[in-house]
Amino acid sequence: MSRLTSPDEIEAVLFDAVGTLIRPARSISETYAEIGRRHGVDLPEDEINARFRRAFTQQEQLDTSAEGGQTSESREVERWRTIVGEVFGRPGSLEPLFVELWDYFTDPAAWTVDPSVAEVVRRIHDSGRRVGVASNFDHRLRSIAKAVPELQDCPLFISSEVGWRKPREEFYRSIEAELSLPASRLL
């Protein structure tokens, strides 16, 4: 039986991005409704929210079962294209709408940073530990993180670049290799 790692043995702390460090500045349903209207689709926010949750859940299930946790940049684009299609239900005319939503969520201004991030990151750095981000996101996270002073120097482990989604072991093994630390030294 292996022993538990003591807090003093931790050398790096990694955080998830969306929902932990950052979150959309406006609700998904509000953003989708506004951009949808510009493209001729006028859906109530509660309907968008229900459709979004359903489509997102379906894509999560697909990625963890059929795909076995593997991903790529092209898979992430297709994943989001499918979600937008499920939300707005207008096959064939959605590409401009999809592109505008994709670009919107690439912009750091579309995101807000949790108010506690600066203090938490500072304390971890002051303790001599490294801070990183481990996220099921795509390359857009890089531009977002560059706009967040506390994250600018943090290593980013992005599933679409690693090739595996969390919680697959391969995702975490890539972090261990990149940081040259065993799992017992990571939190």
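K.L.:
Any chance you could break down the overall build of the protein chain for me, citing the residues and the numbers?
P.N.:
Of the regular secondary structure elements, the protein chain holds 8 helices and 5 strands. In sequence order, the protein chain lays out its α and β elements as β-β-α-α-α-α-β-α-β-α-β-α-α. Judged by the C-alpha coordinates and their principal axes, the protein chain covers about 55 × 35 × 25 Å. Buried residues in the protein chain amount to 39% of all 187 residues. Put simply, of all contacts in the protein chain between residues at least 6 apart along the chain, 66% involve residues at least 24 apart. If you sum the accessible surface of the protein chain, you get close to 10100 Å²; carbon and sulfur atoms cover 52% of it. Where the 24 positive side-chain charges of the protein chain centre and where its 32 negative ones centre are 2 Å apart.

The rules we used
Residues numbered from 1 in each chain as written. Predicted model: local features only at pLDDT ≥ 70, side-chain atom pairs only at ≥ 80, totals over all residues. Heavy atoms only, no water. Helix = DSSP H or I, 4+ residues; strand = E, 2+ residues; numbered from the N terminus. Buried < 20%, exposed > 50% of the residue type's maximum accessible area, 1.4 Å probe, protein only. Contact = heavy atoms within 4.5 Å. Areas by Shrake-Rupley, 256 points an atom, 1.4 Å probe, with all protein chains shown as cover. Lys, Arg positive; Asp, Glu negative; His and termini not counted. Charge placed at Lys NZ, Arg CZ, Asp CG, Glu CD.

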